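# Coordinate analysis (summary)
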Amino acid sequence: AYYQALAQPYVARNGKLDTVAELSLVTGWADQVAKLAPFVTVFANQTGSLSGNTVNVNTAPGEVLMALDDQVDEQMARRIVDERERVPFKSVGDLSRVDARLSVALAGKVVVKGTVFRITARGVVKDAARTVQAVVRFDGAPAILSWQEF
């Protein structure tokens, strides 16, 4: 009813999102989408997963790591990033190299190997530039999930 009463009414999908940009259509989210877009995806980590709610601790930015648990403050996130740059984590238990409590605190929230990746490429020739952003899944046969050119 709310969306139908807008100046430009539309029907709420009430289903899975196709793009992160669709979050801007949800009441109260329009201003937040630009801040969230670099950190989230609408694609599950595993094919067929409904809950793809794990984060790859070897690639996640500090902001995402801090959102996972109250124990991960800015300093702890920096230590995680520094440690994975030295030696990537091979198991969630390896987080104990940073802090003994982390592997328990982040169990079920993180993985050490992802399957969905965002790839951004920018080409420049003289005064012309083009950017391509793709979201791909690598779990068996590679699949392009999203392709945008701008």
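Figured I'd write up the structure that's included with this text. Throughout, residues of each chain are indexed from 1 in the direction in which the sequence is written. Note on the predicted model: pLDDT of at least 70 is required for a residue's local features to be given, and 80 or more for side-chain atom pairs to be given and counted; whole-chain, interface and lining totals, by contrast, use all residues. Just so you know, side-chain values use all the structure's heavy atoms and leave hydrogens and water out.

Read across the open sheet, the three strands follow the order β3-β4-β5; overall the sheet is antiparallel. Each of the sheet's edge strands pairs with one partner strand only, and the pair in question is β3 (116-125) and β5 (143-149). The sheet shows a mean angle of 20° between the axes of neighbouring strands, taken without regard to direction. A strand pair is defined by DSSP finding two or more bridges across the two strands. Strands are runs of DSSP state E lasting at least 2 residues, helices are runs of H or I lasting at least 4, and numbering of each runs from the N terminus. Pairing analysis gives ten bridges linking β3 to strand β4 (residues 128-137), with the strands arranged antiparallel. Bridged to Ile-119 within β4 is Ala-134. To obtain each axis, a line is fitted to C-alpha atoms, and for helices this fit is confined to the stretch in contact; angles are then taken between N-to-C directions over 0 to 180 degrees.

Here Asp-69 lies in the loop between α2 (62-68) and α3 (74-86). Residues count as neighbours in contact if any of their non-hydrogen atoms are within 4.5 Å of one another. Not counting residues within four places of it along the chain, the set of residues in contact with Asp-69 comprises Ala-105, Leu-106 and Lys-109.

For the rest of this paragraph, the subject is unusual backbone geometry. Positioned with a positive phi, Lys-126 is a non-glycine residue whose angle comes to about 50°. Within the secondary structure layout, Lys-126 lies in the loop between β3 and β4. Per-residue accessibility, obtained with a 1.4 Å probe over protein chains only, is compared with the maximum for each type, and a residue is labelled buried under 20%, exposed over 50%, and partly exposed between these values. Given a relative accessible area of 78%, Lys-126 falls into the exposed group.

Here the focus is the side chain of Gln-133. Looking at where Gln-133 falls in the secondary structure, it is placed in strand β4. A polar contact is formed between the side chain of Gln-133 and the side chain of Thr-120, at a distance of 3.1 Å. If we skip the residues at most four places from it in the chain, Gln-133 touches Arg-118, Ile-119, Thr-120, Ser-146, Trp-147, Gln-148 and Phe-150. Counted as a polar contact is a pair of N or O atoms within 3.5 Å, where, for protein atoms, one must be capable of donating a hydrogen and the other of accepting one, and residues adjacent in sequence contribute only when both atoms are in side chains.

A separate point is the packing of aromatic side chains. Ring pairs shown here join Phe, Tyr and Trp side chains whose ring centres sit within 6.5 Å, with only the six-membered ring taken for Trp; geometry is labelled stacked below 30 degrees between planes, edge-to-face above 60, and tilted in between. Taken as a whole and assessed by the stated rule, the structure comprises three aromatic pairs. Ring geometry for Tyr-3 versus Tyr-10: centroids 5.3 Å apart, planes at 40°, classification tilted. One aromatic cluster is present, formed by Tyr-2, Tyr-3 and Tyr-10 through successive ring pairs.

The next subject is the nonpolar core. Most often, soluble globular proteins keep nonpolar side chains buried together rather than apart. Membership of the largest hydrophobic core comes to 17 residues, with the highest contact counts inside it found for Val-57, Leu-65, Val-72, Ile-80, Leu-95, Leu-102 and Leu-106. Elements that contribute at least two residues to this core include exactly α2 and α3. The greatest single-element share of this core, amounting to four residues, is contributed by α3. When near neighbours in sequence (up to four residues on either side) are disregarded, Leu-95 contacts Val-57, Ile-80, Phe-89, Leu-102, Ser-103, Leu-106 and Val-110. The criterion is simple. A nonpolar core is a set of buried Ala, Val, Leu, Ile, Met, Phe, Trp, Tyr and Cys residues joined through side-chain atoms within 4.5 Å.

Two side chains of opposite charge can pair, provided their charged atoms sit close to one another. Only one rule defines a salt bridge in this text: a Lys or Arg side-chain nitrogen within 4 Å of an Asp or Glu carboxyl oxygen. Enumeration according to the criterion identifies seven salt bridges in this entry. A salt bridge links Lys-109 to Asp-69; the shortest N-O distance between them is 3.2 Å. Remark: Asp-69 occurs in the loop between α2 and α3 and Lys-109 occurs in the loop between α4 (102-105) and β2 (110-111); sequence separation between them is 40 residues. On the basis of relative accessible area, Asp-69 is assigned to the buried category, the value being 17%. Between Arg-97 and Asp-94 there is a salt bridge; the shortest N-O distance is 3.7 Å.

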